[in-house]
Amino acid sequence: MEEPKAYLKHRGTLCFLFNFLFKPTIIGNEKIPEEGRVVIAGNHTHFMDCITVAASTERVVHFLAKSELAEPPLRRFFVPFGIIPVHRERKDKEALESAIEVLEDDKVIGLFPEGKVNNERGTLLPFKFGAVKMAHETNSRIVPCVITGRYKFFRKSITIQFFDPVTVSDNLEETNNEIWNIINDGLQKAKITK
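Let me sum up the structure you'll find in this document. (Residues numbered from 1 in each chain as written. Predicted model: local features only at pLDDT ≥ 70, side-chain atom pairs only at ≥ 80, totals over all residues. Heavy atoms only, no water.)

**Considerations on the overall build of the protein chain**
Tallying secondary structure elements over the protein chain gives 6 helices and 8 strands in all. Secondary structure elements of the protein chain occur, N-terminal to C-terminal, as α-β-β-α-β-α-β-α-β-α-β-β-β-α. Residue burial in the protein chain is summarised as follows: out of 194 residues, 47% are buried. Of the contacts made within the protein chain by residues no fewer than 6 positions apart, 70% connect residues no fewer than 24 positions apart. (Helix = DSSP H or I, 4+ residues; strand = E, 2+ residues; numbered from the N terminus. Buried < 20%, exposed > 50% of the residue type's maximum accessible area, 1.4 Å probe, protein only. Contact = heavy atoms within 4.5 Å.)

The structure is reproduced here in C-alpha cells:
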C-alpha cells in the first residue's frame, strides 16, 4: 500500500506552518517506533489534535476520522491525506478492516478512542474498543498520548506527550482500561503542574 501522495507532498509545509503558528511542546515522541505497525491513541479536545499528532513524528499517520470529512466539499481536502472515514452512529466494520489493512502493511494508525471531541477539558470519556481490537488482530503496539492546552496563535500553549508502547493482551477490556488509565493519569498530572 502506497502512502497518500498529498500527505507526502504537503506534510513538510503543513507541519512547518503548524509549528510556527502554535509552537507545540512535544515530549517523548521517540517512543513512537521508527518502523513497524503502530496505533497512536490519545485524548481529543479539538479538531486540530490530528495535526498535533502528525507533526510529532516523521512517520505518516493514517487517521480514523468522522465520515463527514469524506463527503463533499470537505472530501477534496481530507481524502487525499489518507483518512479512513468512520460512521460513528454504528459499528463500522469497513473502517476497522481498512485500518487493519494499513497496520498489516507495517504503517501507523492514529485515532481518538473517545470517539468524538470532548469539550470537558481535563476529563476523559469511556474508550471505544476500536484501538485495542485492531491492535490485537494485527499484533500492533499502542502508543498512548496526551494533548493538553489550547490552540492559541504564536504562543507555546499546546503540549503533546507520548508514553511507552503497550502490548495488547487477549483481554481487550483490560488493555482498553490500561490505555485509558495511562492517558487519564497524564491528563491529571498535566493539570497539577499548571
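**Observations regarding the environment of isoleucine 147**
By the element assignment, isoleucine 147 lies in strand S6 (residues 141–149). On the basis of relative accessibility, which here comes to 3%, the residue isoleucine 147 falls in the buried class. Residues isoleucine 147 and leucine 187, spaced 40 residues apart in sequence, show a C-alpha to C-alpha distance of 8.0 Å. Once residues within four sequence positions are removed from consideration, isoleucine 147 is found in contact with Asn43, Asp49, Thr52, Val53, Ile158, Thr159, Ile160 and Leu187.

**Remarks on the side chain of asparagine 176**
With respect to the secondary-structure elements, asparagine 176 resides in helix H6 (residues 172–193). Apart from residues no more than four positions distant in its own chain, asparagine 176 is found in contact with Phe127, Lys128, Phe129 and Val132.

**Structural notes on helix H4 (residues 93–104)**
Each full turn of the α-helix corresponds to 3.6 residues, which orients residues three or four apart in the same direction. In this model, H4 (12 residues) spans 16 Å end to end at C-alpha, consistent with the 16 Å of a helix rising 1.5 Å per residue. Of all the residues in H4, the buried ones are Ala95, Leu96, Ala99, Ile100, Val102 and Leu103. Angular distribution of buried residues about the axis of H4 spans 155 degrees; they occupy a single face of the element. In H4, the exposed residues that point more than 90 degrees away from the buried face are Lys93 and Glu94. At the C-terminal side of H4, aspartate 106 shows a positive phi close to 60 degrees. (Expected span 1.5 Å × (residues − 1). Arc of directions from axis to C-beta.)

**So, helix H5 (residues 130–138)**
Turning to H5, its buried residues number three or more, namely Ala131, Val132, Met134, Ala135 and Thr138. Positive phi appears at asparagine 139, one or two residues downstream of H5, with a value of about 55 degrees.

**With respect to unusual backbone geometry**
A positive phi is found at asparagine 139, a non-glycine position, where the angle reads about 55 degrees. Counting through the fold element by element, asparagine 139 comes out in the loop between H5 and S6. Here the phi dihedral of phenylalanine 154 falls at roughly 60 degrees; this positive angle occurs in a residue that is not glycine. Mapped onto the fold, phenylalanine 154 is located in the loop between S6 and strand S7 (158–162).

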